[in-house]
Each structure stands twice: as structure tokens, then as C-alpha cells.
Amino acid sequence: MMYFMIRKQEIILSIKRVRGLTLAFALLMLALPSFASKVPTEPQLILEPGFHTAMLRAVAVSGDGKRIVSVSDDKSARVFDDQGRLLRVIRVPQTEGHEGKLYAVALSPDAKTIALSGWTGWDFDGSCSIYLYETETGTMLRRIKGLPNAVFDLAFSPSTAAGPILLACAMGPSAGLLVFNSKSGEQVFADPDYSDRSNAIAFSPDGNLMAASCMDGTLNLYGRFDGTIKLIASTKHRPGQQSYGLSFSPKKVDGAYLIAIGYDVVCEVDVFLAQARSLEYSYSADTSGMQGGGLIALTFGATSNKSNAQPVLVAGGSFSDNGQYPLVVWEDAGRGKRSFKHQQIFSTIMDIKAINNADIIVATADPILARYDKLFATRFSFLPQVADFRDNHAGFRISTDGRLSNFAFEPFGKSPATFSLDDRNLVEPRDLPPQDTSSLDIINWNYHNEPRLGSKRLSLENYEKSMSLAISPDKNSFLLGTHMYLRCFDKNGNQLWQAAAPSASWAVAVSADGSIGSASYGDGTIRYYKMSDGKLLLNIYPHPDRKRWVAWTASGYYDASIGADDFLRWHLNNGLDQAPDSFPLSRWKSTYYRPDVIGLVLSKKDEKLALEEANRTRQGSVQVANDIRTNLPPLITILSPSTGTSFSGKSVTISYRVRTPSGGTISGMRVLIDGRPLETTRGLGKILAADREQSIEIELPGRDVSVSLIAESGALISEPASVALKYQGSVSQDAFKPKLYVLAIGVSKYQKSELNLALAAKDAQDTVDALLKQKGQLYRDVEVQILKDTDANKDNILDGLDWIRTQTTARDVAMIFLAGHGINDNSGSYYFLPSNADPERLLRTGLAFSDIQNVVRSIAGKALFFIDSCHSGNVMGQGRRAVAVDVDAMVNDLASAENGAVVFTASTGRQFSLESPEWGNGAFTKALVEGLGGKADVNDDGAISVKELDLYIAERVKKLTGGKQSPTTVLPVNVPDFPVAARVTQLVY
């Protein structure tokens with residue numbers, strides 16, 4: 001039976017080092033094995049904000065550094081190119097709990113195959129599996145099954161004359177290691193004689209030697225002799241110390257390879273000499289003065305500039321120095337001078353891999369994935385995508401009705417914030433009632449496995465750790481958060497209910513009326529429960545960028561801020577021998593995007609009741625949630641070329657495969673260049689074959705491009721499959737200078753005078769004036785249509801939209817600016833109000849979002865959309881409550897991959913857009929005009945990019961409005977950053 005041994009002293013050490021996690025603490029975060037069950041087929045909601053959301057476990061790197069793969073407790077593997085561009089996300093079959101967590105990864109010598117394992121299969125059939133995937137497509141190739149324990153490390157042998165390429169795995173206690181023929185999956189060697197967990201395994205560069213470490217301090221060396229593997233030697237240099245990571249030197253030294261090995265709880269690194277028939281201790285790296293923590297990850301890196309020098313030895317782990325977790329570097333392969341490289345890492349370093357013995361890749365528990373050159377300058381770094389709720393027991397609070405939540409984005413209460421369910425936004429911290437942790441005699445609740453109520457021990461599972469406490473205001477019950485569950489007890493210590501925790505329960509709270517309980521978890525989510533029975537009511541994920549968030553119920557009804565529409569996905573298992581499928585929840589937006597349900601679920605204390613009330617007050621038909629498996633969109637994969645491929649001609653052939661999981665036919669395909677439709681394939685409607693390789697030849701401009709393919713199956717649209725291609729032909733600068741088309745609409749004066757605004761028309765005029773200065777600068781010409789006040793009636797606006805659609809070619813740029821009133825009807829649909837609009841007759845007089853969307857989607861060139869329509873006022877007509885319009889859903893749709901518009905919005909959530917005579921504009925337009933005029937040129941290169949303009953507008957509006965207005969920009973995932981204006985004093989393109 002699968003089990004995990006956790007020593008008491010390890011637990012105590014782990015708890016003391018909250019930020020510096022030992023791997024023993026990582027084990028503590030695992031539950032005991034569950035009983036085997038069938039692979040679930042029902043859809044599972046998963047959080048996907050674009051990077052890992054839990055501890056990184058390991059990283060693998062191809063020999064040339066062009067492919068990097070990371071794995072995490074969040075049950076995903078992510079493939080990156082050498083520039084840090086995310087190429088794909090790979091998941092294995094999973095279910096709730098620990099099934100699907102990935103601890104180990106390896107890349108084959110040719111980098112075409114990824115091996116993944118961890119807690120993979122135990123919950124399904126009582127054994128674990130290694131999954132092999134095709135690197136460039138994410139296709140599952142095969143499964144090696146029947147492993148007796150979880151896998152903690154994987155290694156491919158190099159492609160040498162030593163024999164067939166092998167795949168070795170290091171496993172949990174009493175399982176030891178197994179070695180397989182990587183092509184056939186046949187087991188060729190096993191060594192179960194390990195007293196504890198095997199932590200690391202590696203092959204020598206020539207493939208003749210294999211080394212493995214064991215948690216009991218043992219280092220084993222194996223050799224390949226006449227096609228067989230034999231144990232050469234075994235040593236235990238530091239008895240009682242937990243050996244972890246190991247690394248072979250890139251070349252032999254005096255006829256022997258060096259093997260460096262690190263330990264978990266002590267700061268020691270030992271180096272051994274490994275030869276065909278022997279293993280000998282050679283020396284230890286200088287760790288004098290290094291106290292606390294361990295060095296669990298290490299690699300041989302770049303060779304110094306000294307003649308005949310050996311490579312540096314680089315290590316890291318839970319050892320900290322001045323509050324950071326440095327990379328420890330020794331010259332001369334560990335014999336020489338030691339130095340600390342502080343890289344702004346604030347958690348345990350879990351893995352380090354070298355690229356060509358020069359650059360290194362570092363993975364941390366935060367999680368962070370970073371690449372450094374041989375001088376330790378950062379090439380790229382992915383920062384954590386989750387708020388860190390640790391050590392903030394007192395600061396985590398909720399309001400009486402639960403609609404306000406206080407938390408902090410950083411440990412120890414740093415970067416405090418409040419999420420307002422009414423405002424649908426992150427707002428300035430509010431003063432909420434503190435949580436009670438002392439009125440009942442509860443002890444040992446903070447990082448202990450034996451919490452007590454008086455003399456009564458509270459019932460927890462073996463090794464379950466209590467982490468947080470909140471007592472209800474009436475003192476009749478209390479919440480106890482652990483790393484496994486959220487538990488509710490009565491005042492006598494009897495458990496009332498428990499709910500599975502997605503990760504560590506860092507803090508808990510109970511509302512003042514005692515009806516709602518809440519917990520902040522290690523996965524960056526805040527979850528709300530009904531105190532009477534523990535039913536999960538609502539989940540909220542606040543992104544650490546302090547702008548984006550998503551809220552959802554157990555069934556998938558959701559609300560999302562601008563830029564967060566695709567944070568939630570449906571995960572569907574396809575059995576154990578096929579890769580799972582994954583689809584954005586937003587593909588079913590008409591059914592599941594329900595801000596009205598999200599707004600009601602806490603007050604109703606029941607999702608079903610909230611849905612029923614929302615449906616009663618909603619205008620129009622209501623989409624019924626059916627089994628999504630009967631209505632799945634197609635999936636498209638680009639087979640070749642791969643990202644990073646160069647081209648020099650005028651055309652490229654793209655090979656691809658389309659699959660329809662629900663069995664529908666393929667009705668068409670769109671080709672996008674940098675997110676915009678390719679003119680020669682627009683409207684492609686021929687019937688395409690499914691589930692077989694096909695190809696299409698497309699013409700490309702003479703520059704670096706991103707090519708995307710989108711498949712259609714009736715109304716169902718796939719996610720884009722994209723590749724970035726590099727142009728190597730000759731480039732004519734002048735040939736690329738585009739033409740700018742501008743449609744600017746500003747309505748200050750309405751036929752219904754109660755809707756009048758002060759500065760919307762002026763905002764449109766000032767924006768046009770700023771853009772006209774770009775003629776002869778970034779653009780060869782600027783053509784403008786401006787519609788103000790009475791000219792901005794519905795007919796004229798529709799004509800203007802048709803004008804910009806038909807005039808803009810693939811080489812051009814289109815900008816649409818809207819300033820005035822916008823409103824949502826009772827079903828949430830957005831309408832812009834022309835000057836002749838009647839809010840009581842929206843279908844006839846309002847400009848529907850669908851009209852705008854259809855135009856933006858069909859614009860051939862780059863499309864930018866600026867919208868400022870959230871002005872205050874009683875725009876809903878007599879008898880309706882005056883509220884700010886919510887443009888979030890509209891913006892997310894326009895900026896989706898298939899629509900491809902870059903959208904700048906003046907405000908988010910339910911904020912109002914502010915204008916002032918003092919500024920002479922609305923705050924948004926004031927910042928926009930200043931930015932276009934040159935103030936947004938942050939890097940002082942004469943050109944203003946989308947991201948630079950976004951940064952300037954955000955900071956300027958925040959200053960102008962005192963933080964009351966938060967403009968947001970969304971750049972579609974398949975649209976690279978590009979210049980939108982030139983500083984008028986300098987000609988740049």
C-alpha cells in the first residue's frame with residue numbers, strides 16, 4: 001500500500017520555516033492515500049490564470065535550452081520556449097484531492113517526449129503511472145502503469161552508444177527505483193531495496209552511469225554493463241541526514257565524473273568521484289557559517305573564465321540569507337570560493353537545471369520559474385499568480401453579510417486589500433470586525449497536529465495539521481482550518497461538518513451574524529461556506545496584479561473582471577490512456593456568465609435559490625445548464641512549424657489537426673496573423689476533415705508574426721492554436737508604415753436632456769487632435785471620422801462602423817473611440833447610447849454590443865477600441881436605479897482571441913468614469929491624450945507601445961481620481977505588443 005513516512009522532528013522544523021519549506025513539509029501537505037475509484041468523467045472546474053498556482057516541484061530543460069517544462073502541485077505541466085513564451089499546458093487525468101499532482105518531469109534527449117509523474121493514478125487503480133506526451137503537440141503517447149508508489153524524480157538516459165534510451169524513476173518508500181526502455185515501456189531494471197523515499201535520479205553524460213539518492217542519506221551508483229544495469233557502490237556519507245538533489249558534472253575530471261549531492265535539513269553539499277567500478281567521497285563545498293534550512297537542489301553550471309577551470313556548482317533550497325533564498329555558487333566545481341546570488345527569491349528553491357552548462361533554470365515553491373545567464377542576470381522570470389495569504393490570521397476578516405472580505409496579497413498582512421462583491425472590484429481596505437480566537441479554550445491550533453478544546457483533543461486525521469481558527473460570534477461553534485480540511489466544531493468539540501481544502505487553510509473567518517464561514521487558501525482563493533452545513537457557496541480568486549478577479553459557484557456560474565474571463569476552465573478526463581481535454585468556461589458564457597447569480601448566492605445561502613431569483617428578474621430567455629460534454633467546441637493543434645521557426649519567403653505551410661470531442665463536423669476555419677484575420681482566408685467555409693493531419697499555405701508579411709488557427713463547428717469555436725515565427729528576410733522600414741483610421745464618437749448632448757454630460761464630445765475631439773499629429777510619424781496617413789452630439793445618432797454611428805471596417809486593410813490600424821453613456825439591460829447585455837437613444841426602447845434606439853463586436857471582428861488590420869461609457873447619472877430611465885454600467889463582459893468578448901481587439905476601458909467593475917472642468921476632459925481621455933503626446937514613452941525609445949500606454953493611463957488616472965477609477969487594458973493572448981504612436985518629436989517606426 002502506498003504510504004508516506006513523516007518524522008516528527010521534520011514536521012517541527014517545517015512548521016518553523018513557513019517561507020523556507022523543506023521537502024518534508026511538502027510531504028506534510030499530502031493526505032494519506034484514498035481508496036481506488038474510477039476515473040471521473042464529469043467536468044471539473046479548474047483555475048487557470050496563465051501560470052502555476054501552487055508549488056513548483058521540478059523543471060526539465062532540453063540540451064539546447066529551446067524547451068523548458070515545469071511541473072507543479074497544481075496538476076499541470078507547462079512547456080515554454082527559450083524566451084519564456086508559454087507554448088502549452090499539459091494535464092494528466094485528475095480528480096479532487098491529490099490525484100494528478102505532478103512531482104517529476106523529464107525531457108527525452110531529442111526533446112520530443114515529455115515524461116510526467118507524481119501522484120498519478122493511485123486514486124484510480126491503486127498504482128501510479130508515468131505519462132509520456134509529445135512535446136510539440138501535447139498528445140499523450142503512452143502510459144507506463146503499475147508503479148507501486150508515487151514518483152519523485154524522472155530521468156532519461158542520454159542518446160549515446162551505451163544502448164537504448166532509458167527512463168528511470170525514483171519512488172516513495174519501499175519502492176526504490178525502476179528503469180524502463182523509453183520506447184517500448186518495458187521494465188529493464190528494478191531496485192526496491194531502499195529503506196526510505198528515493199528523492200533524485202540522474203544519468204552521467206555518457207549514459208554509462210546512473211546515480212540515485214535516498215532519504216536515509218544513501219547515495220547509490222549503478223553501471224550499464226553489456227546491456228544490463230548493476231549496482232556498483234553504495235555510500236552513506238552523512239548517516240541520518242536526508243539526501244535529496246544530485247547532479248553529475250558535465251565532463252570527467254581525472255577520469256571520473258563528479259556527483260554533487262545536497263541535503264534537506266542541513267546546509268551541506270558533498271562531492272563524490274564516480275567511475276565504472278567505484279564511488280568515492282572526494283570533498284565538501286564550503287558551507288561554513290550557513291545555518292538553518294538545507295540545499296536540496298543543485299547543478300553544475302557555467303565554467304568560469306579562468307583557464308582550465310571546472311564549472312561552478314550552484315545550489316539552493318530552504319537556506320535563507322537576509323530574508324532571501326539565494327543561489328549558492330562555488331567556483332571550481334565546488335572546491336573554490338563561495339558566493340551568494342540574491343535573485344529576489346523569497347521561498348524554497350525546489351529545482352535547478354543547467355542549459356549547456358551556462359544558463360540555469362530555477363523553480364521555487366512560491367511558485368517562481370526563472371532563467372539566469374552565467375553572470376546570473378535575469379533572462380526571464382515568471383512570478384507567482386496567487387496571493388500569498390500566509391501569516392495573516394488577524395487581518396483576514398469578512399463583513400456581517402460576507403460581501404466584503406479583508407485579506408492581504410503578501411504574508412504578514414502586507415499589501416492589504418478588500419474585495420467588494422457589491423462593487424465587483426478590489427477596493428481600498430475597509431475596517432471590518434476582528435475574528436475571535438480566544439473566547440473558547442482552544443489551544444495548539446496554530447501549526448499543530450493536536451489542537452484541543454480544553455482537555456479534549458479535536459479529531460483530525462493522522463499528520464493533519466491545524467493552521468487557523470475563528471470562533472463564531474455566539475460562541476456555539478468554531479472553524480478550524482487545516483492543510484486538508486475546513487472543519488466546523490460545536491462548542492463542545494464535536495465536529496459538525498468538514499469540507500475538503502484545496503490547499504493549506506491559511507486563515508478562516510465567520511461573519512458577524514454567524515451564517516457564513518470563509519477561508520483563504522494556499523491556492524490563492526477565498527471560499528465561502530454556509531455555516532449550518534458546510535455547503536460551498538462561492539469562490540473568489542483575486543489576482544496578485546490587484547486588478548483582475550473571478551468569482552464562481554460550485555456549478556460554474558461566474559462573474560469576472562476585465563482580463564479574467566478565461567481564468568476558469570472545464571477539465572474533462574478521457575480515461576487513463578488519453579490526454580484530458582480542457583475548455584475555457586467562457587465558451588459557455590451565455591449559460592454560465594451570471595453576475596446576477598453571484599450577487600445573490602451569499603444572501604440566499606443557496607446556489608439554486610439564487611439562480612431561481614435571478615431568472616425571475618432577468619429579461620429574455622435563460623440558457624439552461626446542460627451536460628457540456630454533448631456540446632464541446634473543436635480542438636485544433638498545429639503540428640508544424642513549431643514556435644521559434646524561421647521563414648524568409650512570402651508563404652508558409654501550416655500543418656494541423658482538428659478534433660471534435662462531441663462528434664460534430666468542422667464547418668470552417670479562421671486564420672489570424674497577430675490576432676487579425678488573414679484577408680485571403682476570411683470567410684473560409686469549406687468542410688474540413690476531422691481527426692487527420694491537414695495543411696494550409698498562407699501568405700505572411702515580411703516580419704516576425706504570430707499565426708493562429710481557429711476551427712469552427714457550427715456555432716462552436718475552438719481556442720486558437722498559435723505559433724510565433726521569426727522572419728529572416730530583408731526588411732524595408734518604409735514598406736511597413738501603416739495608415740491609421742479613426743472613428744471617434746462623443747455624446748455630451750442627448751435628446752433626453754437628463755442624460756447630458758459635460759465633456760464626452762470634447763473627449764472625442766481631443767483624442768482625434770492627438771492622433772492627427774501621428775500623420776507622417778508612425779503612420780503614413782491618418783483618416784478620421786468624428787461624430788459628436790447630434791451627429792452621433794444611431795444611423796450615423798452604424799455608417800461610421802461600416803466605414804472603418806471596409807477601409808482598414810491588413811496593413812493598417814483602426815481605432816474606435818466611444819465616449820458617452822452605456823447601459824446594461826436586465827439581462828446584462830450592453831448598449832451604447834447614441835444622441836437619439838431612449839433607454840426605455842433600447843432595441844430600437846441603442847447601439848447593441850453585437851453591432852460593435854461584428855465590426856471589430858471583421859476589421860482586417862490591427863484594431864484598438866477605447867471606451868468611456870460608465871458615467872454617472874440616471875441613465876436607466878424613470879423608476880430604475882441609477883448604477884454604473886458594467887462593461888467587463890463586453891471588453892472580455894472584444895479582447896478574446898477570436899475577436900482580437902486591444903481594448904482600453906476607462907473604468908472597471910461598477911466604477912463610474914469621472915470628468916472635471918479642471919482637467920478639461922474625463923480622467924481617462926486626459927491620460928490618453930497625454931500618453932499619446934509622448935508622456936507614455938516609458939523606455940524613451942521614441943515609440944509608445946500598447947503596454948506603455950496602458951501603464952501611463954493606469955497611473956495617471958489613479959492620481960487624478962485619487963484611486964476612485966481604475967482603467968484597464970486587455971491585449972489578446974495572440975496579439976503581441978506593438979507601437980500605437982510615436983513621440984511627435986521623433987520619427988520612429
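The shown structure was predicted, so the numbers you read here are calculated from the model rather than taken from an experiment.

Along the backbone of the protein chain there are 13 helices and 70 strands. Taking 2.2 N^0.38 as the reference for a compact globule, 989 residues should give roughly 30 Å; the C-alpha atoms of the protein chain span a radius of gyration of 30 Å, in line with that estimate. Reported as C-alpha extents along the three principal axes, the dimensions of the protein chain are approximately 90 × 75 × 55 Å. Looking at the protein chain as a whole, 61% of its 989 residues are labelled buried.

A few words now on the pairing of strand E4 (residues 76–80). With respect to burial, E4 is a largely interior element, 5 of its 5 residues being buried. Covered by surrounding structure in E4 are Ser76, Arg78 and Phe80 together with Ala77 and Val79, the residues of both alternating faces. Inspection of the sheet shows strand E3 (residues 68–72) paired to E4 by 4 bridges, in the antiparallel sense. Within E4, the residue paired with Ser70 across the bridge is Arg78. In this structure, E4 lies alongside strand E5 (residues 86–91), joined through 5 bridges in antiparallel fashion. Its bridge partner lying in E5, Val79 is registered against Arg88. Between E4 and the antiparallel strand that follows it, E5, lie 5 residues; Gly84 among them carries a positive phi value of about 85 degrees.

A few words on the environment of Lys491. Tracing the backbone through its elements, the reader meets Lys491 in the loop between strand E39 (485–490) and strand E40 (495–500). Distance in space between the C-alpha atoms of Lys491 and Ser646 is 68 Å, their sequence separation being 155 residues. With sequence-adjacent residues up to four places away left out, Lys491 is seen in contact with Leu453, Lys475, Asn476 and Ser477.

Next up on the list: the sheet that holds strand E34 (residues 442–443). Sheet strands associate in pairs through backbone hydrogen bonding, adopting either a parallel or an antiparallel arrangement. The 3 strands lie next to each other as E34-E35-E36, forming an open sheet whose pairing is antiparallel. Every other strand in the sheet has two partners, leaving E34 and strand E36 (456–457) as the edge strands with one partner each. In the sheet, E34 pairs with strand E35 (residues 452–453) via 2 bridges, with the strands oriented antiparallel. Within E35, the position partnered with Ile443 by the bridge is Arg452.

This part takes up the side chain of Arg594. Here Arg594 lies in the loop between helix H4 (589–592) and helix H5 (595–604). Here Asp596 takes part through its side chain, which lies 3.0 Å from a polar atom of the side chain of Arg594. Excluding residues that lie within four positions of it along the chain, Arg594 makes contacts with Tyr557, Tyr558, Leu611, Ala614, Asn615, Arg618 and Val622.

With that settled, consider the nonpolar core. With 53 residues, the main nonpolar core has Phe407, Tyr528, Leu538, Val550, Tyr558, Tyr592 and Leu602 as its most contacted residues. Among the elements that make up this core, the one with the highest residue count is H5 (5 residues). Discounting residues that sit within four places of it in the chain, Tyr592 has contacts with Ser555, Gly556, Tyr557, Tyr558, Trp570, Leu585, Ala625, Asn626 and Ile628. Ranked by size, the runner-up nonpolar core spans 43 residues in total, among them Tyr750, Leu801, Ala814 and Ile823.

This brings us to the sheet that holds strand E11 (residues 166–171). In space, the 4 strands of this open sheet follow the order E10-E11-E12-E13, with antiparallel pairing throughout. The open sheet has two edge strands, strand E10 (151–156) and strand E13 (187–191), and neither has a second partner. On average, each strand axis in the sheet is tilted by 15 degrees relative to the strand beside it, whichever way the strands run. Direction of pairing for E10 relative to E11: antiparallel, over a ladder of 5 bridges. Within E11, the residue paired with Asp153 across the bridge is Ala170.

In this section: the state of the cysteines. Taken as a whole and judged by the stated rule, the model has 0 disulfides. Free cysteine: Cys214, not disulfide-bonded; nearest cysteine sulfur from Cys169 at 14 Å.

On average, the protein chain scores 89 in pLDDT, and the residues at 70 or more come to 92%. In this model residues 682–687 is a low-confidence stretch, pLDDT under 50, and it forms 12 contacts with partners more than four residues away in sequence or in other chains. pLDDT under 50 marks residues 873–883. Its contacts with residues more than four places away, or in other chains, come to 20 contacts.

Moving on, we come to the pattern of salt bridges. The full count for this structure, using the stated rule, is 47 salt bridges. Between Asp940 and Arg983 there is a salt bridge, with the nearest N and O atoms lying 2.6 Å from each other. A residue pair is termed long-range when its members are at least 10 positions apart, and Asp940 in the loop between helix H12 (923–935) and strand E68 (943–945) and Arg983 in the segment after strand E70 (979–982) qualify at 43 residues. Using a relative accessible area of 55% as the deciding quantity, one classes Asp940 as exposed. Because the salt bridges share partners, they merge into one network encompassing Glu48, Arg78 and Arg91.

Here we take up the packing of helix H8 (residues 794–807) against helix H10 (residues 849–858). Each pair of packed helices gets described by two things: the angle between the helix axes and the distance between those axes. The N-to-C vectors of H8 and H10 enclose an angle of 10 degrees; their axes lie 9 Å apart at closest approach. Classed by the angle they form, the pair H8 and H10 counts as roughly parallel. Remark: the crossing between H8 and H10 carries left-handed chirality. Judged by residue contacts, Leu798, Leu801, Ile804 and Arg805 of H8 engage Asp851, Val855 and Ser858 from H10.

Below, the discussion takes up helix H13 (residues 946–961). With 16 residues, H13 extends 22 Å between its outermost C-alpha atoms, agreeing within 8% with the 22 Å of an ideal straight helix rising 1.5 Å per residue. Looking only at H13, the buried set comprises Val946, Glu948, Leu949, Asp950, Tyr952, Ile953, Ala954, Val957, Leu960 and Thr961. The inward-facing, buried residues of H13 contact strand E64 (862–868), strand E65 (902–905), H12, E68, strand E69 (968–970) and E70. One or two positions beyond H13, positive phi appears at Gly962, with a value near 65 degrees.

So, on to unusual backbone geometry. A cis amide bond, omega 10 degrees, links Asp366 with the succeeding residue Pro367. For Pro367, the position within the fold is in the loop between strand E27 (359–364) and strand E28 (369–372). Positive phi, close to 55 degrees, is recorded for Asn322, a residue that is not glycine. Among the structural elements, Asn322 can be located in the loop between strand E23 (311–316) and strand E24 (327–330). Unusually for a residue other than glycine, Phe376 sits at a positive phi of about 70 degrees. A residue is classified by how much of its surface remains accessible, and Phe376, at 12% relative accessible area, is buried.

Conventions we followed
Residues numbered from 1 in each chain as written. Predicted model: local features only at pLDDT ≥ 70, side-chain atom pairs only at ≥ 80, totals over all residues. Heavy atoms only, no water. Helix = DSSP H or I, 4+ residues; strand = E, 2+ residues; numbered from the N terminus. Rg over C-alpha atoms; globule rule 2.2 N^0.38 Å. Buried < 20%, exposed > 50% of the residue type's maximum accessible area, 1.4 Å probe, protein only. Pairing = 2+ DSSP bridges. Contact = heavy atoms within 4.5 Å. Polar contact = N/O pair within 3.5 Å; in protein donor to acceptor, adjacent residues only side chain to side chain. Core = buried A, V, L, I, M, F, W, Y, C linked by side-chain atoms within 4.5 Å. Axes fitted to C-alpha atoms, helices over the stretch in contact; angles between N-to-C directions. Disulfide = S-S within 2.5 Å. pLDDT = per-residue confidence, 0-100. Salt bridge = Lys/Arg side-chain N within 4 Å of Asp/Glu carboxyl O. Parallel < 35°, antiparallel > 145°, perpendicular 65-115°, else oblique. Left-handed = near helix turned anticlockwise from the far one by under 90°. Expected span 1.5 Å × (residues − 1).

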